[in-house]
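Residue-level structure breakdown
Here are the chains, one letter per residue:
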Amino acid sequence: MKVLVIGNGGREHTIVWKLKKSPLVTEIYCAPGNPGIAKLAKCVNIKVENIGALVEFSREMKINMTIVGPEIPLVAGIVDEYNKAGLKIIGPSGKAAELEGSKSFSKKFMEKYNIPTARFNQVFNYQDGIEVLKNYTFPVVIKADGLAAGKGVLICNTMQEAEEGLRNILVDKVFGDAGNEVVIEEFLEGIETSILCFVDGKDIIPMVGSQDHKRIYDGDQGPNTGGMGTYSPNYIYTDEVAQSVKEKILQPTLEGIQKEEMDYKGILFIGLMITRDGPKVLEYNVRFGDPETQVVLMRLETDLFEIFQHILDQELSGIEIKWNNNAAVCVVLASEGYPEAYEKDKVILGLEAVADDVVVFHAGTAMKEDNLVTAGGRVLGVTAQGTTIEEARSKVYNSIDKIFFEGKTYRKDIATK
Ligand code: AMP
Ligand code: GLY
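In this numbering scheme, every chain counts its residues from 1 along its sequence in written order. Chains carry letters and ligands carry numbers; both start at the beginning, A for chains and 1 for ligands, and go up in the order they are written. Only residues with pLDDT of at least 70 are given local features in this predicted model, and only at 80 or more are side-chain atom pairs given and counted; all residues enter the totals for whole chains, interfaces and linings. Water and hydrogen atoms were dropped before computing side-chain values, which therefore reflect all heavy atoms in the structure.

Some thoughts on the site of ligand 1
Nearness of a residue to a molecule or strand requires only that one of the residue's heavy atoms be within 4 Å of it. Ligand 1 sits among 15 residues. The nearest are Lys 143, Glu 185, Leu 188, Glu 192 and Glu 283. By the criterion applied in these results, polar contacts are pairs of N or O atoms within 3.5 Å in which, for protein atoms, one can donate a hydrogen and the other can accept it, and in which residues neighboring in sequence qualify only through two side-chain atoms. At a separation of 2.9 Å, an oxygen atom of ligand 1 approaches a polar side-chain atom of Lys 143. Take Leu 188: an N or O atom from its main chain is 2.8 Å from a nitrogen atom of ligand 1. When ligand 1 sits alone it has 470 Å² of accessible area, and the protein chains cover 90% of it. Helix numbers and strand numbers start at the N terminus; a helix is a DSSP run of H or I with at least 4 residues, a strand a run of E with at least 2. For the shell around ligand 1, the secondary structure elements donating two or more residues are strand S7 (140–144), strand S8 (153–156), strand S9 (182–186) and strand S17 (278–285). In this classification, Asp, Glu, Lys and Arg are treated as charged, Ala, Val, Leu, Ile, Met, Phe, Trp, Tyr, Cys and Pro as nonpolar, and every other residue, Gly included, as polar. The residue inventory of the shell around ligand 1, partitioned by class, reads eight nonpolar, no polar and seven charged. Each accessible area is a Shrake-Rupley estimate made with a 1.4 Å probe; only the visible protein chains count as cover when residues are assessed.

Below, the structure is given as structure tokens:
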């Protein structure tokens, strides 16, 4: 079977790495891929936004299955285009992808299907926003409706901050059209966590838990990032929490997907706040998380390609999905300055010195002449398993000491909580 993976980050490197282990997969292509992926797959220079060219490539190369990593092509409707062309693809339809593409869409979906979430209002202009804010206490959360590369959520501690946030989004349009609408919502207190699920439209099957570390600095300080490191299993995600998430969140979410005829054959990532009143949904993402995927897929024993085939056939209930009992840890090495401006093109050295049982997933790397160089904010995801979190953690940090690039920045406290 020939597969195409769309994307170029650590998440896609991990998906390719896992698919490579499948005896059913004979050829892997990745668009556009990165130098780490290029060791396992043929990289093709097509951008993730170029849906027409991706469809054309899949048709010409007789690709049997395409897997979409990032949200941008999903929200742009890539799955509908593949379906029209009679090509198989893993991901939600454009309509279903609105669960991530529009915060107001997802909040209304949650309201309609009684899925626990923060109280909210949708507003279209600054004046209405100011009125609505009178019904909230601080801190309050202000969210640009559309995709804003993880930057569209503002936690405002005072009325002044909230006014400024509303103005930036709705008047000055700092996020462009993504800020044509705003969701104002109650601030939830609790422990933040997330769960990835396989969805085939008939079933929703949670994967093993994992825990991200979103802030840039140790001790959860500094600005939010795409994620600086993960571990699995997630001890916050107890059996009791899992049961409550299943009943109150997964089941009604599936019911909503079915009733709204969403055509969802892919991955659903649910961001949760475990509050005093139980788990509540912060957000839906319609794709694998990055770097959650690195630790989760490392623990997957079942053939990922077979799971995807069962998703396409809407037969998830017919496959037993097995996970190992190991712990896995991923630590992200970032460029100094990230998540703000950072420099690129720093030569990366030492990858060959990393232990055999440690996998270095590439996120933002490129080849320049014959050198591997940095090409993004998040550069590498150093990942390992062990019988305990401590064992996995020490393997990862020992390997990090062997990798060099100018401005190498990482958290020293991943998986210590
Ligand atoms: P989102 O993209 O909606 O998940 O928001 C990004 C981050 O903002 C989340 O991961 C949380 O850390 C935080 N956040 C979003 N909504 C809330 C909320 N209602 N209460 C507290 N924190 C929130
Ligand atoms: N790590 C968070 C995300 O992938 O959205």
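Having seen it, we continue.
Some points on the site of ligand 2
Taken together, the residues surrounding ligand 2 are Asp 212, Gly 226, Phe 269, Asn 285, Arg 287, Gly 289, Asp 290, Pro 291 and Glu 292. Take Asp 212: an N or O atom from its side chain is 3.0 Å from a nitrogen atom of ligand 2. Between an oxygen atom of ligand 2 and a side-chain N or O atom of Arg 287, the distance comes to 2.9 Å. In isolation ligand 2 offers 200 Å² of accessible surface; the protein chains occlude 86% of this area. Here the residues of the shell around ligand 2 are counted per class, giving two nonpolar, three polar and four charged.

What to know about the side chain of Asp 145
With respect to the helices, strands and loops of the structure, Asp 145 is situated in the loop between S7 and S8. For the buried Asp 145, which has no salt bridge, the nearest side chain bearing the opposite charge is Lys 108, at an N-O separation of 7.5 Å. Side-chain polar atoms of Asp 145 contact the backbone nitrogen of Ser 104, separated by 2.7 Å. Among residues more than four places away in sequence, those in contact with Asp 145 are Gly 101, Ser 102, Lys 103, Ser 104, Phe 105, Ala 178 and Glu 181. Each residue is assigned to one of three classes by its accessible area relative to the maximum for its type, calculated with a 1.4 Å probe on protein chains only: buried under 20%, partly exposed between the two thresholds, exposed over 50%. Charge convention: Lys and Arg are scored as positive, Asp and Glu as negative, and His as well as the terminal groups of each chain are ignored. For salt bridges, the criterion is a side-chain nitrogen of Lys or Arg within 4 Å of an Asp or Glu carboxyl oxygen. Two residues qualify as a contact provided that any one of their heavy atoms is within 4.5 Å of a heavy atom in the partner residue.

Some words on the state of the cysteines
Cysteine pairs can be linked by a disulfide, which is a covalent bond between their two sulfur atoms. A pair of sulfur atoms, both from cysteines and within 2.5 Å, is called a disulfide here. Across all of its chains, the model carries zero disulfides by this definition. Of all cysteine sulfurs, the one in Cys 30 lies closest to Cys 43, which takes part in no disulfide; the gap is 5.4 Å. You can call Cys 43 partly exposed: its relative accessible area is 33%.

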